[in-house]
Amino acid sequence: MQQLTGAWQALDMRKRIMVIVAGIAMIVTVFTISAIASKPTMALLYAGLGGAESGEVITALEQRGVPYEVRGDSIFVEAPRRDELRMALAAQGLPANGAAGYELLDSLSGFGTTSQMFDAAYWRAKEGELARTIAASPAIRSARVHIAHPTNQPFRKELEPTASVTVATTAGAISQAQAKALRFLVASAVTGMTPEDVSVIDTAQGLIPASDDPAGQAAGQDRAAVLKQNVERLLEARVGPGNAVVELALETVNEREAITERRFDPDGRVAISTDTQENTKTSDATRPGAVTVASNLPENGAGDGGKSQSQSSETRARTNYEVSETRRELLRTPGAIKRLSVAVLVDGVTTISADGTTSWQPRSEAELADLHELVASAVGYDETRGDVITLRSMQFEPLPELGTAAGASGFGAMALDLTQIIQIALLAVVAIVLGLFVARPLLLQKAQPTMNELPPPGPEAGSRPALTGEIAEDDLPEMNMQVVSDFDIGDLPMASNSDFEIDRPTDPVERLKKMIEERQAETVEILRSWMDEAGEKAR
């Protein structure tokens, strides 16, 4: 403490002001760092809200006395209370969704409401409800739905409505699977609409086209993953975990095929009806005789002509048979296995000898044959289909370790975001600079030694005057001070003092040396005062 007090007293007014300003700056910096470190971390509450919705949320937060920050179109609150506030605001219906739902129908009354007004309100409510459902997903920030429903047309039987969905995601863009889910969601909510009639538009990447990958291919990929997992689990039970690598390629049928087959069996006949028809025909014919004398006699004995008679009979029978018929309709959907290829790589056997050396040997052919049969049974191998299974035993090379092991960083437990960390670092640098380059040099500066006053001459000095370190102008003639021999020291008043010996040297330099030897303390003080004055003038 005494050293600091002495250092403070040795400073002039300008340096004292600099020390005071540097100390205040350091104190303010320390307090600022403490305030930033103790300030709670702000987390995102809501983002992308409209002006009215943001105002309602801010009003509710102010009523609850919750500190918040508004950054653009985002509202931030304390991170520990974010989830609690979301639940509380949701109970109040906040933030209010921009699109209205079925509550629009509550304001419609039967009096004065036409069918056109009701239809318009109904479709508007349908769009709002769909938008709410889509926006409920955590990956969707906002959504709008537009449904184009054709009006009743008397000359058109089939009315096909269409729809478009515009979404804005919280990060990145939506995937094909998400777009497909949105299409089915909207199509299922509107009567007569198919997923192909729904267009999905992402604000980040534009129109999301329908997936060209048929459903069968996706199912084939899932099936390939299951088969690969089964084979790996089967091999690891024998060769151990990590000693088998399985790659499986599954080619599936992507075409959809419908086959209708109709077959008749001529041997399989069944009589279902019989129709019999009989016809009998009888005819008599008489031919007149020739004109002769006998035909003119009264008895007509010779005039009788010829007679003929015919009879025919016909029977027809018709039998109806039902021929055996087979109709077959075959619908082949995508997903059937067309070809299967399996590649299996297993590690060999590592043995340790008695001297500690290790050796590697491939697995035997018999063991590989057994593993081949197991793999073929697990994947459903079919040679006629063109399936291929390749099984080899090779030595595995150890993979080099890349990078370092992941671990929790020192900032993981701190509730500070990147902005606060940068602010604290800058303030800490300012405090260190002020402490090292301003306050420390001023406080550690050595105090300049002050010249002690000489004690007054005692009575033993007699008439000898005391040395003051100053030379009177009238005691010395005008001369160059750099040359000592230009004047006679005997002219000085002290030259006649009895303290000097009677046989004084005649050389002025020798006399000055002798005088310095006799009064060393006074001479040192005079030289020190000269040096201090020269140093102050140099500064």
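Whatever comes next refers back to the structure up there.
The structure reproduced in this document is the subject of the present report.

Cut-off values and rules
- Residues numbered from 1 in each chain as written.
- Predicted model: local features only at pLDDT ≥ 70, side-chain atom pairs only at ≥ 80, totals over all residues.
- Heavy atoms only, no water.
- Pairing = 2+ DSSP bridges.
- Helix = DSSP H or I, 4+ residues; strand = E, 2+ residues; numbered from the N terminus.
- Axes fitted to C-alpha atoms, helices over the stretch in contact; angles between N-to-C directions.
- Contact = heavy atoms within 4.5 Å.
- Phe/Tyr/Trp six-rings, centres within 6.5 Å; stacked < 30°, edge-to-face > 60°.
- Lys NZ or Arg CZ within 6 Å of the ring centre and 35° of its normal.
- Parallel < 35°, antiparallel > 145°, perpendicular 65-115°, else oblique.
- Left-handed = near helix turned anticlockwise from the far one by under 90°.
- Nonpolar A, V, L, I, M, F, W, Y, C, P; charged D, E, K, R; others polar.
- Salt bridge = Lys/Arg side-chain N within 4 Å of Asp/Glu carboxyl O.
- Patch = residues over 30% accessible without salt bridge, like charges linked within 9 Å, V, L, I, M, F, W, Y side chains within 5 Å.
- Areas by Shrake-Rupley, 256 points an atom, 1.4 Å probe, with all protein chains shown as cover.
- Buried < 20%, exposed > 50% of the residue type's maximum accessible area, 1.4 Å probe, protein only.

## Quick notes on the sheet that holds strand β3 (residues 74-78)
Consider a sheet: its strands pair through backbone hydrogen bonds, and that pairing is either parallel or antiparallel. An order of β1-β3-β2 is seen for the three strands of this open sheet, with the pairing classed as antiparallel. Single-partner strands in this sheet number two, and they are β1 (42-47) and β2 (68-71). Neighbour-to-neighbour, the strand axes of the sheet open up by a mean angle of 30°, direction not taken into account. Direction of pairing for β1 relative to β3: antiparallel, over a ladder of five bridges. From the neighbouring strand, A47 faces β3, where its bridge partner is S74. Against the sheet, helix α3 (residues 51-64) contacts β1, β2 and β3, and its axis sits at roughly 20° relative to β3. In the packing of helix α4 (residues 82-91) onto the sheet, the strands contacted are β1 and β3, and the crossing angle to β1 comes to about 25°.

## Some thoughts on the packing of aromatic side chains
Within a pair of aromatic rings, the relevant descriptors are the distance that separates the centres and the angle that separates the planes. A complete count under the given rule lists one aromatic pair for this structure. A ring pair is formed by Y122 and W123, whose centres lie 5.3 Å apart and whose planes are at 70°; its orientation type is edge-to-face. Just above the ring of F76 sits the side chain of R71; from NZ or CZ to the centre is 4.2 Å.

## A few points about the sheet that holds strand β4 (residues 140-148)
Read from one edge of the open sheet, four strands run β4-β5-β6-β7, paired in mixed fashion. Both edges of this open sheet fall to β4 and β7 (206-208), since each of them pairs with a single strand only. Taking the axes of each pair of neighbouring strands and ignoring which way they run, one obtains an average angle of 25° across the sheet. On the sheet, helix α5 (residues 115-135) packs against β4 and β5 (162-169) and is oriented at approximately 155° with respect to β4.

## Some details on the packing of α3 against α4
Running from N to C, α3 and α4 point in directions that differ by 115°, and their axes come no closer than 11 Å. If you check the angle between α3 and α4, you find them roughly perpendicular. When you trace α3 past α4, the crossing you get is right-handed. Along the contact surface, α3 presents V57, A60, L61 and R64, while α4 presents L85, A88 and L89. Along the lines of polarity and charge, the residues of the contact of α3 with α4 split into six nonpolar, no polar and one charged.

## Here we look at the pattern of salt bridges
Inspection of every chain in the model, using the stated rule, returns 14 salt bridges. One salt bridge in this structure joins E261 and R263, with 2.4 Å as the shortest N-O distance. E261 serves as the salt-bridge partner of R328, at 3.5 Å between the closest nitrogen and oxygen. Note that R328 is positioned in strand β10 (residues 306-332) and E261 in strand β9 (residues 257-287), a separation of 67 residues in sequence. Here the salt bridges do not stand alone but share partners, grouping R238, R363 and E367 into one network.

## Here's the deal with a nonpolar patch on the surface
A cluster of nonpolar side chains, namely W8, I20, I24 and V28, defines an oily patch on the protein surface of about 360 Å² accessible area. Looking at which element gives the most residues to the nonpolar patch, the answer is helix α2 (residues 13-38), with three residues. Within the secondary structure, I20 is located in helix α2.

## Regarding the pairing of strand β11 (residues 337-346)
Here nine bridges tie strand β8 (residues 244-252) to β11, and the two strands are oriented antiparallel to one another. Within β11, the residue paired with T252 across the bridge is I337.

## Here we look at the environment of L159
Locating L159 in the fold gives a position in the loop between β4 and β5. Overall, the relative accessible area of 27% leaves L159 in the partly exposed class. Along the sequence, L159 and T191 sit 32 residues apart, while their C-alpha atoms lie 10.0 Å from each other.

## With respect to the packing of α5 against helix α6 (residues 176-189)
The geometry of a pair of packed helices is captured by two quantities: the angle between their axes and the separation between those axes. With their axes 11 Å apart at the nearest point, α5 and α6 run at an angle of 150° to one another. Judged by the angle between their axes, α5 and α6 are roughly antiparallel. Relative to α6, α5 is oriented so that their crossing is right-handed. For the pair formed by α5 and α6, the contact residues are K126, L130, T133 and I134 on the first element and L182, L185, V186 and A189 on the second. Along the lines of polarity and charge, the residues of the contact of α5 with α6 split into six nonpolar, one polar and one charged.

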